[in-house]
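Coordinates in review
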Amino acid sequence: MKIGQLLVATLAAVGMAATTVGGASAAVPAPTQGPLQQYNISSTYVSGLSSGGFMANQMHVAYSDVFKGAGIFSAGAYECAQNNLNTALYACMDTLLARKTPAQLEQLTRERAAAGKVDPVGNLSGDKVWLFHGTNDGTVDAPVNDDLATYYRDFGADVVYDNTSAAGHAWVSPIGPNSCSSTDSPYVNNCGGDPVKGMLTHLFGSVAPASSSALTGRLVQFDQSAYTPGGSPGAISMGNEGFAYVPQSCQSGASCKLMVTLHGCYQYFGLVGNALMDKAYLNEYADTNNMIVLYPQATTMTGNPRGCWDWWGYKSADYAQKSGPQMTAVMNMARALGAGTTGVPALPAPTGLAVTATTDNSAALSWSTVPGAASYNVYRDGTKVNSSPVTATTYTDSGLTAGTTYGYAVAAVDASGTVGARTTPVNATTAAAAMCVTASNYAHTQAGRAHQTGGYAYANGSNQNLGLWTLLATSTIKETSPGYWVKC
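Quick caveat: nothing in here was measured; it's all calculated off a predicted structure. (Residues numbered from 1 in each chain as written. Predicted model: local features only at pLDDT ≥ 70, side-chain atom pairs only at ≥ 80, totals over all residues. Heavy atoms only, no water.)

With respect to the packing of aromatic side chains
Enumeration over the complete set of coordinates arrives at 16 aromatic pairs. Put simply, the rings of Phe-54, Trp-311, Trp-312 and Tyr-314 pair up and form one aromatic cluster. Between the NZ or CZ atom of Arg-422 and the centre of the ring of Tyr-379, over which it lies, the distance is 3.6 Å. (Phe/Tyr/Trp six-rings, centres within 6.5 Å; stacked < 30°, edge-to-face > 60°. Lys NZ or Arg CZ within 6 Å of the ring centre and 35° of its normal.)

Looking at the sheet that holds strand S7 (residues 178-179)
Ordered in space as S6-S8-S7, the three strands form an open sheet in which the pairing is parallel. The open sheet has two edge strands, strand S6 (171-172) and S7, and neither has a second partner. As defined by bridge partners, S6 adjoins strand S8 (residues 188-190) across two bridges and the pair is classed as parallel. Within the sheet, the bridge partner assigned to Val-172 lies in S8 and is Asn-189. (Pairing = 2+ DSSP bridges. Helix = DSSP H or I, 4+ residues; strand = E, 2+ residues; numbered from the N terminus.)

Remarks on empty space enclosed by the protein
Using the criterion set out here, one finds three cavities of 30 Å³ or more in the structure. If you go around the largest cavity, you meet 17 residues; those closest to its centre are Asn-332, Gly-382, Ala-409, Arg-422 and Pro-425. Residues belonging to the lining of the largest cavity are distributed by class as follows: eight nonpolar, six polar and three charged. (1 Å grid on protein atoms, 1.4 Å probe; cavity = no way out; pocket = protein on both sides within 12 Å on 5 of 7 lines; lining within 4 Å. Points joined across faces, edges and corners; volume = space filled by probe spheres on them. Nonpolar A, V, L, I, M, F, W, Y, C, P; charged D, E, K, R; others polar.)

What about the state of the cysteines?
Across all of its chains, the model carries five disulfides by this definition. Between Cys-80 and Cys-92 runs a disulfide, and the two sulfur atoms are separated by 2.0 Å. Handedness of the Cys-80-Cys-92 disulfide follows from its S-S torsion of about -95°: it is left-handed. Of the two residues, Cys-80 is situated in the loop between strand S3 (67-73) and helix H3 (85-90) and Cys-92 in the loop between H3 and helix H4 (102-114); the sequence distance between them amounts to twelve residues. One disulfide bridge connects Cys-265 with Cys-308, the sulfur atoms lying 2.0 Å from each other. Of note, the bridge from Cys-265 to Cys-308 carries an S-S torsion of about 120° and is right-handed in sense. Of this pair, Cys-265 sits in the loop between strand S11 (256-262) and helix H8 (269-272) while Cys-308 sits in the loop between strand S12 (291-295) and helix H11 (325-337); the two residues are 43 residues apart in sequence, bridging distant segments of the chain. Of the residues examined, Cys-265 reaches a relative accessible area of 10% and is grouped as buried. (Disulfide = S-S within 2.5 Å. Buried < 20%, exposed > 50% of the residue type's maximum accessible area, 1.4 Å probe, protein only.)

As for the pattern of salt bridges
Evaluated as defined, the whole model comprises six salt bridges. Here Arg-99 ties to Asp-147 by a salt bridge, and the two come within 2.7 Å at their closest N and O atoms. With Arg-99 in the loop between H3 and H4 and Asp-147 in helix H5 (residues 142-154), this pair connects stretches of sequence that are 48 residues apart. Using a relative accessible area of 25% as the deciding quantity, one classes Arg-99 as partly exposed. Among the residues examined, Asp-147 registers a relative accessible area of 13% and is labelled buried. Between Lys-279 and Asp-278 there is a salt bridge whose closest N-O contact spans 3.6 Å. (Salt bridge = Lys/Arg side-chain N within 4 Å of Asp/Glu carboxyl O.)

A short note on helix H2 (residues 51-62)
With twelve residues, H2 should cover 16 Å at 1.5 Å per step; its first-to-last C-alpha distance of 16 Å lies within 8% of that length. Most of H2 sits out of view: twelve of its twelve residues are buried. Within the sequence span of H2, burial applies to Ser-51, Gly-52, Gly-53, Phe-54, Met-55, Ala-56, Asn-57, Gln-58, Met-59, His-60, Val-61 and Ala-62. (Expected span 1.5 Å × (residues − 1).)

A look at the side chain of Thr-359
The topology assignment puts Thr-359 in the loop between strand S13 (354-358) and strand S14 (362-366). Excluding its chain neighbours within four sequence positions, the residues that come into contact with Thr-359 are Thr-430, Ala-431, Thr-480 and Ser-481. (Contact = heavy atoms within 4.5 Å.)

As for the sheet that holds strand S23 (residues 456-459)
Reading across the sheet, the three strands line up as S22-S23-S24 and stay open at both edges, with antiparallel pairing between neighbours. Lying at the two open borders of the sheet, with one neighbouring strand each, are strand S22 (450-453) and strand S24 (465-468). Strand-to-strand twist across the sheet, computed as the mean angle between neighbouring axes with direction ignored, equals 30°. In this sheet, S23 lies alongside S22 in antiparallel orientation, the contact comprising four bridges. Directly across from Gln-452, in S23, lies its bridge partner Ala-457. (Axes fitted to C-alpha atoms, helices over the stretch in contact; angles between N-to-C directions.)

What follows is the structure in structure tokens.
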């Protein structure tokens with residue numbers, strides 16, 4: 001929202017939250033709690049509104065090996081904000097300040113691709129991209145959205161740009177509760193047509209009509225901490241819960257598409273409840289077109305009072321790269337559903353993944369054998385950490401930071417090198433940094449940190465020689481795991 005709209009928008013959003021979360025009837029099914037499961041995903045797409053539109057573009061660019069297209073309501077080109085809030089507000093929403101040209105942002109993207117920070121830009125050529133901007137949208141100015149169209153076209157994407165609707169700043173759906181020109185909570189408008197059909201038709205090539213009956217799929221409510229780097233969604237401005245709508249056909253093993261849908265500012269579940277999930281008109285198409293819809297959730301934090309996705313760097317300067325914490329979290333969720341596997345994985349996810357031990361700089365893992373596996377890959381916060389194949393069902397990851405939480409997943413690899421499904425991540429928290437203790441060698445033995453043999457003191461656990469066992473000889477040692485002492 002622009003500054004002059006903030007108070008009205010906030011009050012309207014709070015009012016909607018009170019009615020929607022409070023149990024108003026909705027077409028979307030009541031959620032079933034549980035983890036995300038692997039499905040037979042044939043192709044993956046991303047869509048979003050406003051901050052979610054910027055985030056959708058970031059996801060598409062950074063992970064273009066996985067995402068085959070994007071549908072974006074009202075957003076600008078990749079890295080428009082340049083890690084600066086003022087630029088975001090006054091150049092990439094309003095156009096009061098100068099902003100980078102599409103050509104400059106394209107060059108930045110090429111440089112990041114060359115450095116491996118995003119996937120190769122050649123992947124974008126031929127990708128389907130659908131863009132929307134309403135003539136009554138005063139939140140993101142039209143030239144900013146025009147830049148996004150230019151950016152994609154310059155990389156060879158197949159772009160359809162709908163910019164003639166009288167819509168305000170909103171997702172537009174045939175069942176939207178707001179009038180077409182509105183820019184009010186919950187930011188889902190009805191303009192009399194069906195832009196969602198237009199978006200899906202362009203992305204998929206063709207679509208069956210949306211279901212006019214009650215939805216028959218399952219809405220899964222999952223814990224986002226299992227997919228978030230560090231295991232704390234709130235620390236990166238993400239909500240505790242996320243959602244995925246899974247049609248019956250996908251639950252039964254049919255080949256399905258995956259649509260990752262990212263809400264806008266003031267549109268997160270904690271504020272407007274299920275308004276977007278209920279009214280976006282995606283689930284109705286999901287039931288008839290074998291499409292799973294993933295609804296990740298952001299929330300508020302210091303520097304992000306509107307619950308926006310990070311498209312200007314309020315949490316991380318890497319916000320638009322693969323290493324961005326929100327980017328990693330959403331990608332972990334998509335992969336947990338089967339994104340990037342192009343069909344049923346050759347091998348299932350290992351079972352029984354557990355953290356067996358931690359120190360201040362390592363974490364040990366174990367899991368059950370997968371029949372047919374030649375080796376295993378281990379992933380820390382979504383990134384593979386083993387440089388060579390892991391042939392055992394155990395692994396110790398070292399070189400970690402003390403007092404830090406990491407998320408681990410494992411996938412089996414068959415003899416041909418095909419990687420199977422990943423496990424749901426488990427969290428491991430390293431011990432706090434060990435404190436060094438300086439004392440006489442006699443005092444160390446009296447305190448249980450060492451023992452003496454033949455007049456010399458030895459550290460318990462490591463058996464390192466500390467010197468003479470006397471009150472005059474001193475040494476400095478630390479406990480790196482229970483009962484295991486080493487010299488500092």
